[in-house]
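Notes for the structure review
Residues per chain, in single letters:
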Amino acid sequence: MFLDLKDPWPPAPPNRQPASAPRLTPRRQRIVVLIVAVNLLFLLIGPLAGSSVVEGLAQLLH
């Protein structure tokens, strides 16, 4: 899929102004920062947890 901005369909009325993105409130900014922080934490912890599971399974098989 791709977004074709050169030929929108249906065509917009000629006097239509482009819509700007809504501004985030301070509360919503904190929520976005929290979500990004949690995802970065999972990004760092994930490989450690994955490797410990693999090592635990290897120990069980020995």
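Just above, that's the structure.
Residues numbered from 1 in each chain as written. Predicted model: local features only at pLDDT ≥ 70, side-chain atom pairs only at ≥ 80, totals over all residues. Heavy atoms only, no water.

**Some details on the overall build of the protein chain**
Put simply, the test is: Helix numbering and strand numbering both begin at the N terminus, where a helix is a DSSP run of H or I of at least 4 residues and a strand a DSSP run of E of at least 2. Atoms counted for the radius of gyration: C-alpha only. Globule rule: 2.2 Å times residue count to the power 0.38. Accessibility here uses a 1.4 Å probe with only protein chains present; expressed as a share of the type maximum, an area under 20% marks a residue as buried, one over 50% as exposed, and anything in between as partly exposed. We get accessible surface area from the Shrake-Rupley algorithm with a probe of 1.4 Å; when it comes to residues, only the shown protein chains can shield them.
Along the protein chain, the regular secondary structure elements total 1 helix and 0 strands. Over its C-alpha atoms the protein chain spans a radius of gyration of 24 Å, topping by over 25% the 11 Å that the globule rule assigns to 62 residues. Each principal axis of the C-alpha distribution contributes one length, and for the protein chain these read about 75 × 35 × 10 Å. Here the protein chain holds 62 residues, and 0% of them are scored as buried. Surface summary for the protein chain: the accessible area is close to 6,600 Å², and the carbon and sulfur share equals 69%.

**Overview of a nonpolar patch on the surface**
Rules: In this scheme, patches are assembled from residues that exceed 30% relative accessible area and form no salt bridge. Like charges are connected within 9 Å, while nonpolar side chains (Val, Leu, Ile, Met, Phe, Trp, Tyr) are connected within 5 Å. When a carboxyl oxygen of Asp or Glu is within 4 Å of a side-chain nitrogen of Lys or Arg, the pair counts as a salt bridge.
A grouping of Leu24, Val32, Val36, Leu40 and Leu43 is seen on the molecular surface, where their side chains present a nonpolar patch of about 460 Å² in accessible area. Mapped onto the secondary structure, leucine 43 falls in helix H1 (residues 26-61).

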